[in-house]
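# A structural walkthrough
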Amino acid sequence: MKDLPTSRPAFPRDRRRLISWLNDAAEKVRTAAVPFRIGDVVLGDDPFNGRRLGVVTVIRGTSLGLRTAADAHPDLEPAVVYYDYRQVRTPD
């Protein structure tokens, strides 16, 4: 009878580093198109989400997560609203 291993053999160290490097490079390529950085104050304008002023808190691919300025009103809770980076501009 053939003896089957119970687990897959571990990747060699060089292969793990190569995979990690490729994953990091792919993430940089996906986010390289976004001209904004985390912490920038921007104005998002979208027919579905409306126009909101906020601070960039999340960048995922071509989407930006804006933390809105809801802290100014006590009844509103701060929220993260996602926009495509093409619908976001710096305030005038």
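Since this is a predicted model, take the numbers as computed values, not measurements.

With that settled, consider the overall build of the protein. Along its length, the protein carries one helix and five strands. Going from the N terminus to the C terminus, the protein shows its helices and strands as α-β-β-β-β-β. Counting all 92 residues of the protein, 20% fall into the buried class. Residue pairs in contact within the protein that sit at least 24 positions apart in sequence constitute 37% of those at least 6 positions apart. Carbon and sulfur atoms make up 54% of the accessible area of the protein, which totals about 7,600 Å².

By the definition in use, this model includes three salt bridges. For Asp 14, the salt bridge identified is with Arg 17, shortest N-O distance 3.0 Å. With Asp 14 and Arg 17 both in helix H1 (residues 13–31) and three residues apart, this pair spans about one turn of that helix. Exposure class is identical for Asp 14 and Arg 17. Each is exposed. Notably, a salt bridge pairs Arg 86 with Asp 84, separated by 2.7 Å at the nearest N-O pair. Given a relative accessible area of 63%, Arg 86 falls into the exposed group.

The next thing to look at is the sheet that holds strand S1 (residues 41–46). Strand order across the open sheet formed by five strands is S4-S3-S2-S1-S5, with antiparallel pairing between neighbours. The two strands at the open ends of the sheet, each matched to only one other strand, are strand S4 (80–84) and strand S5 (88–89). Sheet analysis places S1 next to strand S2 (residues 50–60), joined by six bridges and oriented antiparallel. Bridging across to S2, Asp 46 finds its partner in Gly 50.

Right, let's talk about the confidence of the model for the protein for a bit. With 78% of its residues at a pLDDT of 70 or more, the protein shows a mean pLDDT of 82. Mean pLDDT across the elements of the protein bottoms out in H1 (84) and peaks in S5 (92).

If you trace the backbone, Val 88 turns up in strand S5. Among residues more than four places away in sequence, those in contact with Val 88 are Phe 36, Val 42, Leu 43, Gly 44, Leu 64 and Tyr 83.

What counts and what doesn't
- Residues numbered from 1 in each chain as written.
- Predicted model: local features only at pLDDT ≥ 70, side-chain atom pairs only at ≥ 80, totals over all residues.
- Heavy atoms only, no water.
- Helix = DSSP H or I, 4+ residues; strand = E, 2+ residues; numbered from the N terminus.
- Buried < 20%, exposed > 50% of the residue type's maximum accessible area, 1.4 Å probe, protein only.
- Contact = heavy atoms within 4.5 Å.
- Areas by Shrake-Rupley, 256 points an atom, 1.4 Å probe, with all protein chains shown as cover.
- Salt bridge = Lys/Arg side-chain N within 4 Å of Asp/Glu carboxyl O.
- Pairing = 2+ DSSP bridges.
- pLDDT = per-residue confidence, 0-100.

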